[in-house]
Structure formats: C-alpha cells, structure tokens
Amino acid sequence: MTAIQPTALDDQTVVEVKDLVVHFQVLQGRVPAVNGVSIKIKRGKTLGVVGESGCGKSVTGLAIMRLLPTPPAEMVRGEINFHRQSTGQVIDIMQLHPQSAEMRSIRGNDIAMIFQEPMTSLTPAYTIGEQIMEAIVLHQKVGKREARQRAIQMLDRVGMPQPSRNVDAYPHQLSGGMLQRAMIAAALSCQPSLLIADEPTTALDVTTAAQILDLMGHLQEEMGMATMHVSHNLGVIAEVADDVAVMYLGRIVEQASVDDLFYNPKHPYTQGLMHSIPNIGQRQRLEPIRGVVPEPDAIPKGCAFAPRCPHYSPDTCPPIPPPSVTVGPGHEVCCYLLVLTDSVVKPPDNRAHRW
Ligand SMILES: Nc1ncnc2c1ncn2[C@@H]1O[C@H](COP(=O)(O)OP(=O)(O)O)[C@@H](O)[C@H]1O
Ligand SMILES: [Mg+2]
C-alpha cells in the first residue's frame, strides 16, 4: 500500500523527518536512541549531522532507510516524508513495511547509504562489478552487457584506477580507499536523490579521506543529490555541510547553517565540541568537554547535557526538556539559557577555528 502524505513538501525539500522517536529494547530496558529528531534536507545540499559516539546519528540514518532491525529497534513515532522524484509523490517512509516492494525500490533507486566500513555493504564472494551490476540490473531494467558498461563508467567516475580491469576484482584485492570508491560507485550507480553517508571517511588516512570527500563533493554537484553526512568529526562537517544538526543523546540540540554554527555556536555542547578539536598551526590547550555521555538508563529528565554543562543551574534549567529557541534565520537551539536571555551564553571567538 502506498502511503501518500496529503501535506506536500516544498519543491526543494527531498526529505523531511518530523519528531522521529526510535527506541531499543535491551536487557536493561528501553533505550531512547533517537528522541524527537526533526530535520530537512534540500536538493543538492548537505546536512551534516555531528555529535559524540552513541548520540543517535547512525540510528537516524538507518531509520530513514528502514534498515533498523525490529526488534530490538522500535520505530515509536514520527514522520519521514520523502519526495520521490521518479513518481513525484511524497511518501511517509514510516508507514511502509521495511521489506515491502515499495520500500525496497526506494532503497537503491531513490535513497542510498554508504558506511565507514565498505564491507558493510559489499560482499567478499562477488566481484566489485557484479555487485554494482546487481543494483543496476535490478533497478534500471537494463541487460547484463549494458549494466557492465555502466559499472565500468561508474568506477571511472569515482576515480577507480583501471576500471575495466578492477570491475572484475574481488573486494579483498583492493585497498581501503579503493573499496570506499567501489562502495560509492555501487551506491550512486542508480543516481539516488538522497545519499546517507555515515562516517564515510572515518576509517581512512587523512590523504585518502580528503580525496574521498572531494570526490563526493564533485559527484553531488554533478548529480544534484541531497546528502545527509554523519560524522563525529567537526572538521569534516565544516568542509562538507551546508547546514548542520548537532546531536546529543538522541536529540538535536542545535541546528544552523554551517557558517552560523561555526562562527556563532550557541549551545554549550556545540561550544564544547569546538573547544575540543585541535586548531591547525597553533599550539593550544584543548579543553575536552568534562564528564562522559551518561548511560542510556541514566539520562536526566530535563536537559540531557545538564550534568556536563558549565552553565547549568537548577534555577534556570528545570527538569523538563528545553524547548527549541530560534536565535536567527534557520538557527535553532534547545537550551534554557537562551530561553531567558540570548546573552547569558557568550559565544567564544571561533573565528580562530579554521581547518
Ligand atoms: N542494535 C542495537 N541494539 C541496541 N542498542 C542499539 C543498537 N544500535 C544502536 N543502539 C543504541 O542506540 C544509541 C545510538 O546509537 P548510534 O545511532 O549508533 O550512535 P552514533 O551513530 O551517534 O554513534 C546508542 O545508545 C546505542 O547503544
Ligand atoms: Mg554511528
């Protein structure tokens, strides 16, 4: 059954996630992995999603793909309104069965995902070419010979050396950087309108990582796809993102354009992240955020960042989650200090932070 949303998205929005809640049922109880996330990604633009490990970035990406194993995952509520270019329809992906024909056709045709570890999506027993061709034959309804030609072209486009030879290589015959290129070729061979890139360069050395980021930028420009780029690395986010969502413990605590976020960070967590990254060319003392991310069963009732926040006070921060405050065009922050006054949290001078 097709779930068509009566509420249309504006022309430029490829996907709009509204109040997404995902829980995991584990031995210790229910873990609220994603707790009311709302994001929008526009055609040809990149939304960077950043935050410490365990804050729900991957779960958000996997939820959009409907790739979360249920159980233990439970899609509790929310909307994932996706503008399907091929049909012009807006579909609420939350309403689809993960294994339905429609969802399977969306995965691979319209939305693709790449991972930190290329072997998450590549299989050791098949050649690179066979794996790229499989997607092309399945979704584009072309013959094997044509699919092989397209696979070679795609490998060429992602900068694979000797594409007509490496199309027949098995994954174990390729280096990490080449595997990453092969995975990107497989993901993009169907020209998706949305790419979810989950830490795609985290496992690579800096030079290869820079090449892959550069490649992704070029391909995005060529194909005009919207991208959700998940990374724990603010330097990567600064480079690739148009807009940024900062996540902490399943919630987005700050959302802004990349310039606003880096030059005018408002949430104490965002400010802490900025202070804990090295500044190239300058020797300086790094200030890691104090404390650690609490265990899921010990998440505070109010602001989840309160136990680590240098500005927390029981007088200003009541034990209910802070509302979202708009502090500028497209700049939203969930912090009680901004509910009271915009001047309490002084933004540090982040103009010094350049990568
Ligand atoms: N398969 C799973 N089973 C149980 N809990 C999970 C599973 N996958 C993720 N989680 C939990 O969901 C939360 C968010 O995880 P994740 O989205 O992977 O974080 P991130 O990608 O930001 O590092 C974490 O608390 C994690 O332990
Ligand atoms: Mg992750």
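A short tour of the structure in this document, coming up.

Analysis parameters
Residues numbered from 1 in each chain as written. Chains lettered and ligands numbered in written order. Predicted model: local features only at pLDDT ≥ 70, side-chain atom pairs only at ≥ 80, totals over all residues. Heavy atoms only, no water. Pairing = 2+ DSSP bridges. Helix = DSSP H or I, 4+ residues; strand = E, 2+ residues; numbered from the N terminus. Axes fitted to C-alpha atoms, helices over the stretch in contact; angles between N-to-C directions. Contact = heavy atoms within 4.5 Å. Phe/Tyr/Trp six-rings, centres within 6.5 Å; stacked < 30°, edge-to-face > 60°. Buried < 20%, exposed > 50% of the residue type's maximum accessible area, 1.4 Å probe, protein only.

### Focus on the sheet that holds strand 5 (residues 89-92)
- An order of 2-1-4-5 is seen for the four strands of this open sheet, with the pairing classed as antiparallel. A strand with exactly one partner marks an edge of an open sheet, and here the two such strands are strand 2 (29-42) and strand 5. Strand-to-strand twist across the sheet, computed as the mean angle between neighbouring axes with direction ignored, equals 10°.
- Sheet topology note: the strand 1 (residues 13-26)/strand 4 (residues 73-84) ladder contains eight bridges and is antiparallel. Its bridge partner lying in strand 4, Val-22 is registered against Met-75.
- Its contacts with the sheet place helix 1 (residues 57-65) against strand 1, strand 2 and strand 4, and it is angled at close to 110° to strand 1.
- This element, helix 2 (residues 101-109), spans strand 4 and strand 5 of the sheet and lies at about 65° to strand 4.

### Regarding the packing of aromatic side chains
- One pass over the full model with this rule turns up three aromatic pairs.
- For the ring pair Tyr-269 and Phe-305, a centre distance of 5.2 Å and an interplane angle of 65° mean the geometry is edge-to-face. On the criterion of sequence distance, the pair formed by Tyr-269 in helix 10 (residues 268-275) and Phe-305 in the loop between helix 10 and strand 11 (324-328) is long-range, its members being 36 residues apart. For the pair Tyr-269 and Phe-305, one class covers both residues: buried.
- Members of the aromatic cluster, each reached through a chain of ring pairs, are Tyr-248, Tyr-269 and Phe-305.

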